[in-house]
Amino acid sequence: MTSSERVRERIRAVEGTGMRTFWEPEPVVWARTEGCHVWDAEGRAYLDLYAGFAVANVGYCHPRVTEAIREQAGVMTHCPSAAPSEMRAELYERLLGIAPPPLDRVLLAITGAMANETAVQLARAATGRRSVVTFSGAYPGRTVGAVRYAGKRAYREQFGVAADAYFVPYPDPYRSPWAGESDPGEAALRLLENALTDPASGVEPPACVLVEPIQGNGGVVVPPHGFLRGLRELCDRTETVLVFDEIQCGFGRSGRVWACDHEGVVPDLMTVGKGIGGGLALAALLGRSKLMTTWEPDAVTSTFLANALPTAAACAAIDVLREEELVERSARLGAHALTRLQDELAGVGDVRGRGLFLGLELDDAELATNAQRALRERGVLVGRGGRYGNVLILAPPLVIEDNVLDGGLDAAVEVLA
Ligand SMILES: Cc1ncc(COP(=O)(O)O)c(C=O)c1O
């Protein structure tokens, strides 16, 4: 038995079922990470073009993040969320330093799902309304609260949770009810406008519209230009809170700090997570003061909110993003990767994306799974998502070197061409 087999067996013997597995047939056992690489228990290196589920934006174990964690661990690890700390002030200043104005207040969360739940709770409190508009293909997280707004019914059915939203088809230019129409974004907006403004539509006026500016797990779907602006105008007109879920597409991933920056549209509330913690669990809700000062004290708490280690790691990760100009790097390398893949993979259904956030849409899940496996055998890890599980997702660390990225792309072309 290999070390990896032993590890998998020790876990399998005692773990409850239901945990997600990836990179089948046998999941890679992670033993060590650095930069854009992962080593398994046998010491085999993998190039991780998925950044551990779009988390390692600044790279794994970035020396500055590691140093910040070490230093903080020597001073204070836990600080209850009810107690202010200088670290928390530092983090807020950094988060707002990269937030699109006029977003000027922060509430912390631990996971992306929790940040999305906080956003919906706040929108409800502020508007006195309760329903939510979301989109097919959306992935807001799996907690009982967040999963109510997930596009995939199957996520809820496993938990016996009912949907709690009006779902609008996401304007996917490649695969949506309006694909092929001149502007699927316009079509989605018309449908939503009717739902929100026709008194006979049967749709409750929503507290908020919750939307990913680029859908991540939905398959790296970039909506048509003008869609986010249309949502902004419709929300203004109907006094609906506009929430952007930037948990996956934000923090430099798309070649701008936030995916909504491409369209110059600012939401009322914005959720961030994944890469922002530099590899530790941290998420946040950013928003406009008017909304963010709705609650009385004690509405928001969780034991480990503002825990000192993720707070220190997030401060360092934000500094690294800025100082190493990783957003520009994401834009430059992403444009190169997109051109290469579009040129060299003409037979693939759709190759799309922004920055270092790319989706390769294949005909079906089997093809995508086989490609993911073949890449894994070549030592390259990629993600897989999409409404049918048929989209390969490339979201490498933004620190990836040019030639290393090209090596990964060579492998992808070889497997898919
Ligand atoms: C867009 C988006 N929102 C929310 C989440 C949920 O975040 P978490 O897994 O940290 O709860 C994810 C996770 O993949 C995501 O991609």
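As the structure is a computational prediction, the values presented were derived from the model and not from experiment. (Residues numbered from 1 in each chain as written. Predicted model: local features only at pLDDT ≥ 70, side-chain atom pairs only at ≥ 80, totals over all residues. Heavy atoms only, no water.)

(A) Spatial organisation of the packing of aromatic side chains. Taken as a whole and assessed by the stated rule, the structure comprises eight aromatic pairs. Their ring planes at 85 degrees and their centres at 5.9 Å tell us that Trp30 and Tyr60 sit as a pair that is edge-to-face. One end of the pair, Trp30, is in strand S1 (residues 30-34); the other, Tyr60, is in the loop between helix H2 (51-54) and helix H3 (63-73), and 30 residues separate them in sequence. For Tyr60, a relative accessible area of 12% corresponds to the buried category. Taking 5.8 Å as the distance between ring centres and 85 degrees as the angle between the ring planes, the aromatic pair formed by Phe135 and Phe227 counts as edge-to-face. Of the two residues, Phe135 is situated in strand S5 (residues 131-135) and Phe227 in helix H8 (residues 227-237); the sequence distance between them amounts to 92 residues. (Phe/Tyr/Trp six-rings, centres within 6.5 Å; stacked < 30°, edge-to-face > 60°. Helix = DSSP H or I, 4+ residues; strand = E, 2+ residues; numbered from the N terminus. Buried < 20%, exposed > 50% of the residue type's maximum accessible area, 1.4 Å probe, protein only.)

(B) Region of interest: the nonpolar core. By size, the foremost hydrophobic cluster in this structure holds 86 residues, and its most contacted members are Phe227, Leu231, Leu286 and Leu341. Among residues more than four places away in sequence, those in contact with Leu231 are Phe135, Leu189, Leu192, Val209, Val211 and Leu242. The next biggest cluster of nonpolar side chains, apart from the first, holds 16 residues, and it includes Trp23, Val222, Ala259 and Ile393. (Core = buried A, V, L, I, M, F, W, Y, C linked by side-chain atoms within 4.5 Å. Contact = heavy atoms within 4.5 Å.)

(C) Focus on the packing of H3 against helix H10 (residues 308-323). The contact between H3 and H10 brings their axes to 8 Å, and the two run at 150 degrees. Between H3 and H10, the crossing angle belongs to the class labelled roughly antiparallel. You can see that H3 and H10 cross each other, and the crossing is right-handed. Only Ala308, Leu309, Ala312, Ala313, Ala316, Ala317, Asp319, Val320 and Glu323 of H10 make contact with H3, whose side of the interface consists of Arg64, Val65, Ala68, Ile69, Gln72 and Ala73. Taken together, the residues of the contact of H3 with H10 break down into eleven nonpolar, one polar and three charged. (Axes fitted to C-alpha atoms, helices over the stretch in contact; angles between N-to-C directions. Parallel < 35°, antiparallel > 145°, perpendicular 65-115°, else oblique. Left-handed = near helix turned anticlockwise from the far one by under 90°. Nonpolar A, V, L, I, M, F, W, Y, C, P; charged D, E, K, R; others polar.)

(D) View of the site of the ligand. The local shell around the ligand holds 13 residues, among which Gly112, Ala113, Tyr139, Asp245 and Gln248 are the closest. Starting from 390 Å² of accessible surface for the ligand in isolation, the protein chains cover 83%. Sort the elements by how many residues they give to the shell around the ligand and helix H5 (residues 112-127) lands first, with three residues. Split into classes, the residues belonging to the shell around the ligand amount to four nonpolar, six polar and three charged. (Near = heavy atom within 4 Å. Areas by Shrake-Rupley, 256 points an atom, 1.4 Å probe, with all protein chains shown as cover.)

(E) Expanded view of the packing of helix H11 (residues 326-344) against helix H13 (residues 402-416). It is the contact of H11 with H13, at a shortest axis distance of 11 Å, that shows an interaxial angle of 25 degrees. Classed by the angle they form, the pair H11 and H13 counts as roughly parallel. The interaxial crossing formed by H11 with H13 has right-handed handedness. When H11 is examined against H13, the residues Arg329, Arg332, Leu333, His336, Ala337, Arg340, Leu341 and Glu344 are found in contact with a partner set consisting of Asp402, Leu405, Asp406, Leu409, Asp410 and Val413.

(F) Structural context of the pairing of S1. Both S1 and strand S2 (residues 37-40) contribute to a ladder of four bridges, which runs antiparallel. Bridge pairing links Trp30 to Asp40 in S2. (Pairing = 2+ DSSP bridges.)

(G) Geometry of the pairing of strand S10 (residues 283-287). With respect to burial, S10 is a largely interior element, five of its five residues being buried. Judged by which residues are buried, S10 turns out to be covered on both faces: Ala283, Leu285 and Gly287 on one side and Ala284 and Leu286 on the other are all buried. In terms of strand pairing, strand S4 (residues 105-109) meets S10 through five bridges, oriented antiparallel. Bridging across to S10, Arg105 finds its partner in Gly287. By the bridge criterion, four bridges tie strand S9 (residues 269-272) to S10 in an arrangement that is antiparallel. Looking at S10, one finds that Leu269 is bridged to Gly287.

(H) Expanded view of empty space enclosed by the protein. Evaluated as defined, the whole model comprises two cavities of 30 Å³ or more. The computed volume of the largest cavity comes to approximately 60 Å³. Asp172, Arg175, Gly218, Val221, Arg352, Glu361, Gly386, Arg387, Tyr388, Asn390 and Val391 together form the lining of the largest cavity. In terms of residue class, the lining of the largest cavity is built from three nonpolar, three polar and five charged. (1 Å grid on protein atoms, 1.4 Å probe; cavity = no way out; pocket = protein on both sides within 12 Å on 5 of 7 lines; lining within 4 Å. Points joined across faces, edges and corners; volume = space filled by probe spheres on them.)

(I) Up close: the sheet that holds S2. If you walk across this open sheet you meet the four strands as S1-S2-S3-S13, and the pairing is mixed. On the outer flanks of this sheet lie S1 and strand S13 (380-381), each paired with one strand and no other. Examined bridge by bridge, strand S3 (residues 45-48) and S13 share two bridges and lie parallel to one another. Among the inter-strand pairings, Leu47 is bridged to a residue of S13, identified as Val380.

(J) Main features of the sheet that holds S9. Strands sit in the order S4-S10-S9-S8-S7-S5-S6 across an open sheet of seven strands; the sheet is mixed. For this open sheet the edge positions go to S4 and strand S6 (166-168), each flanked by a neighbour on one side alone. Taking the axes of each pair of neighbouring strands and ignoring which way they run, one obtains an average angle of 20 degrees across the sheet. Here H5 sits on the sheet in contact with S4, S5, strand S7 (206-211), strand S8 (241-245), S9 and S10, set at roughly 150 degrees to S7. Contacts from H8 reach S5, S7 and S8, with the element oriented near 150 degrees to S8.

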